[in-house]
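# Report on the structure
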Amino acid sequence: RPARAMDWQVLTRELSLYLESQVRVGLFGSGVGLSLVLGFGVAYACYYLSSIAKKPQLVASNARFCRFLEEYCPVVTETYYPTIWCWEGRVQTLLRPFITSRPQVQYRNELIKTADGGQISLDWFDNNDSLCYPDASTRPTVLLLPGLTGTSKESYILHMIHQSETLGYRCVVFNNRGIAGEDLLTPRTYCAANTEDLEAVIHHIHSLHPSAPFMAAGVSMGGMLLLNYLGKTGRDTPLMAAAIFSAGWNVFESVESLEKPLNWLLFNYYLTTCLQSSISRHRQMLEKLFDMDLVMKARTVREFDKQFTSVMFGYRTIDDYYEDASPCRKLKSVGIPVLCLNSVDDVFSPGHAIPVETAKKNANVALVLTSCGGHIGFLEGIWPRKCTYMDRVFKQFVQAMFEHGNKIFSM
């Protein structure tokens, strides 16, 4: 028996050495190592093609709107191939700001006054070199609304402007109060529920270019604000259409998702510190109304909103604020064509909270739901430096509405 044990030990050692030598050969040789690599690669490719790369779900009750999108915005019906090495939602969300390029954009800044004595910073990209629309008075205009702590410097905003520039359009970025470097003249910032500043901005832009076709696109909280505005105004708006990206539809569900341990570690705490940083520069102004020491102790978005946002805008409780800020409650009143892109693996806007049934009851609304993409991610291609799926949806939809929007009701 000892001899047999020795034989097995020798055989096992020799087999291990052989396998190690074959694995070391890697992709540049043959044998077990190459077979393992190829086998894993084939298995991963099969899994990716069968479970990850899918056509988005297009939800729209209006058959004419569907046909319009299929013809003039075909990207919403094509298979979305997320970047093969980072398709998971959290990874896409984390990597997008670092991977994507930042196109160079020269802005013209404008500060406009508000009725309460405050000011709003607008960054204009006039596109005066537009060959398609040389007449500035009729040049199509896109109003862009960044996310919660975002400004005109965000990579996703720069990409939208780059896409608009190639089409000859003008862009205006709406920077929420106090976050783009301008002074806070009153102890008031912004929130997803209060649309007064957005209404003032839309009226201002339309008054400057009343003959220009006018659209808006909102991202994350910017999309929530835009949806709440559209739900409030219905058809009574100078906007002809809107595009919404990664909006949080139900704020209760959003904060609950973000408070899960891993999501708190990856997103919630960092976002809370960003909110605190955005108001710390205005501490002297805000201390007139708020206990800033208490606000700066918040460790979650919910705590920040409870101590600061809901109080600022006069809500009795934070639940009252979250109910008013949730666009799902106003979607039924939207009166112009709206395209909304969400990924069902977005931890900021969980898939189960997307109001699919409500959207089906409004002929003006179309939802595009991808299985992957995260929050403002939608990376695609082996090395997703330039154009994302979200950028392509934006470009095709904006072009479709500006150039063929009158066909929606005749198809």
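Residues numbered from 1 in each chain as written. Predicted model: local features only at pLDDT ≥ 70, side-chain atom pairs only at ≥ 80, totals over all residues. Heavy atoms only, no water.

### Digging into the packing of helix H6 (residues 196-208) against helix H7 (residues 221-233)
- Where H6 contacts H7, the two axes come as close as 10 Å, and the packing angle between them is 80°. It follows that H6 is roughly perpendicular to H7 by the angle criterion. Contacts between H6 and H7 pair Leu198, Glu199 and Ile202 from the former with Leu225, Leu226, Tyr229 and Lys232 from the latter.
- Partitioned by chemical class, the residues of the contact of H6 with H7 number five nonpolar, no polar and two charged. (Axes fitted to C-alpha atoms, helices over the stretch in contact; angles between N-to-C directions. Helix = DSSP H or I, 4+ residues; strand = E, 2+ residues; numbered from the N terminus. Parallel < 35°, antiparallel > 145°, perpendicular 65-115°, else oblique. Contact = heavy atoms within 4.5 Å. Nonpolar A, V, L, I, M, F, W, Y, C, P; charged D, E, K, R; others polar.)

### Let's talk about unusual backbone geometry
- Here Ser220, not a glycine, exhibits a phi torsion of approximately 55°, which is positive.
- Topologically, Ser220 is positioned in the loop between strand S6 (214-219) and H7.
- Its relative accessible area of 12% is what places Ser220 among the buried residues.
- The backbone of Ser246 sits at a positive phi, close to 55°, despite the residue not being glycine.
- Structurally, the position occupied by Ser246 is in the loop between strand S7 (241-245) and helix H8 (251-258). (Buried < 20%, exposed > 50% of the residue type's maximum accessible area, 1.4 Å probe, protein only.)

### Re the packing of aromatic side chains
- One pass over the structure, following the stated rule, counts 16 aromatic pairs.
- Between the aromatic rings of Trp85 and Trp383, the centroid separation amounts to 5.8 Å while the plane-to-plane angle is 20°, which identifies the pairing as stacked. With Trp85 in the loop between helix H3 (63-72) and helix H4 (89-99) and Trp383 in the loop between strand S9 (365-370) and helix H15 (389-404), this residue pair connects regions lying 298 residues apart in the sequence.
- Overall, the relative accessible area of 41% leaves Trp85 in the partly exposed class.
- What makes Trp383 exposed here is its relative accessible area of 56%.
- An angle of 65° between the planes, with centres 5.4 Å apart, marks the rings of Phe267 and Phe348 as edge-to-face. Of this pair, Phe267 sits in helix H9 (residues 261-280) while Phe348 sits in the loop between strand S8 (338-343) and helix H14 (356-359), and the two are 81 residues apart along the sequence. As far as the burial class goes, Phe267 and Phe348 line up, both buried.
- Here the aromatic cluster, defined as three or more aromatic residues joined through ring pairs, consists of Phe252, Tyr315, Tyr321 and Tyr322. (Phe/Tyr/Trp six-rings, centres within 6.5 Å; stacked < 30°, edge-to-face > 60°.)

### A closer look at the UniProt feature "active site" (unreviewed entry) in the protein
- The sites that carry the UniProt feature "active site" (unreviewed entry) are, in the present numbering, Ser220, Asp346 and His375. With the annotated positions falling across 156 residues, the maximum pairwise C-alpha distance of 10.9 Å places them together in a single cluster.
- Structurally, Asp346 is set in the loop between S8 and H14.
- Excluding residues within four positions of it along the chain, Asp346 makes contact with Ser246, Gly374 and His375. (UniProt positions renumbered as here; feature names shortened; annotations may be inferred.)

### Some details on the pattern of salt bridges
- Under the criterion given, the structure shown has 18 salt bridges.
- For the salt bridge of Arg283 with Asp293, the shortest nitrogen-to-oxygen distance reads 2.4 Å. With a gap of 10 residues between them, Arg283 in helix H10 (residues 283-286) and Asp293 in helix H11 (residues 292-295) connect regions that are remote in the sequence.
- For Arg283, a relative accessible area of 27% corresponds to the partly exposed category.
- Accessibility expressed as a relative area gives 47% for Asp293, which makes it partly exposed.
- With a shortest N-O distance of 3.7 Å, Arg316 and Asp320 are connected by a salt bridge.
- A relative accessible area of 26% means that Asp320 is categorised as partly exposed.
- Look at the salt bridges and you will find they share partners, linking Asp116, Arg177, Arg188, Glu196 and Asp197 into a network. (Salt bridge = Lys/Arg side-chain N within 4 Å of Asp/Glu carboxyl O.)

### Structural notes on the domain arrangement of the protein
- Under the domain assignment, the protein is made up of domain 1 (55-250 + 326-405) and domain 2 (251-325).
- One C-alpha centre belongs to domain 1, the other to domain 2; they are set 24 Å apart.
- Each partner contributes to the interface: domain 1 provides 36 residues, whereas domain 2 provides 31 residues.
- Contact with domain 2 buries surface across domain 1, with Pro187, Asn250 and Phe348 losing the most and accounting together for 21% of the total.
- A salt bridge links Lys330 to Asp324; the shortest N-O distance between them is 3.6 Å. (Domains from an automatic or database assignment. Buried area = accessible area lost by both parts, 1.4 Å probe.)

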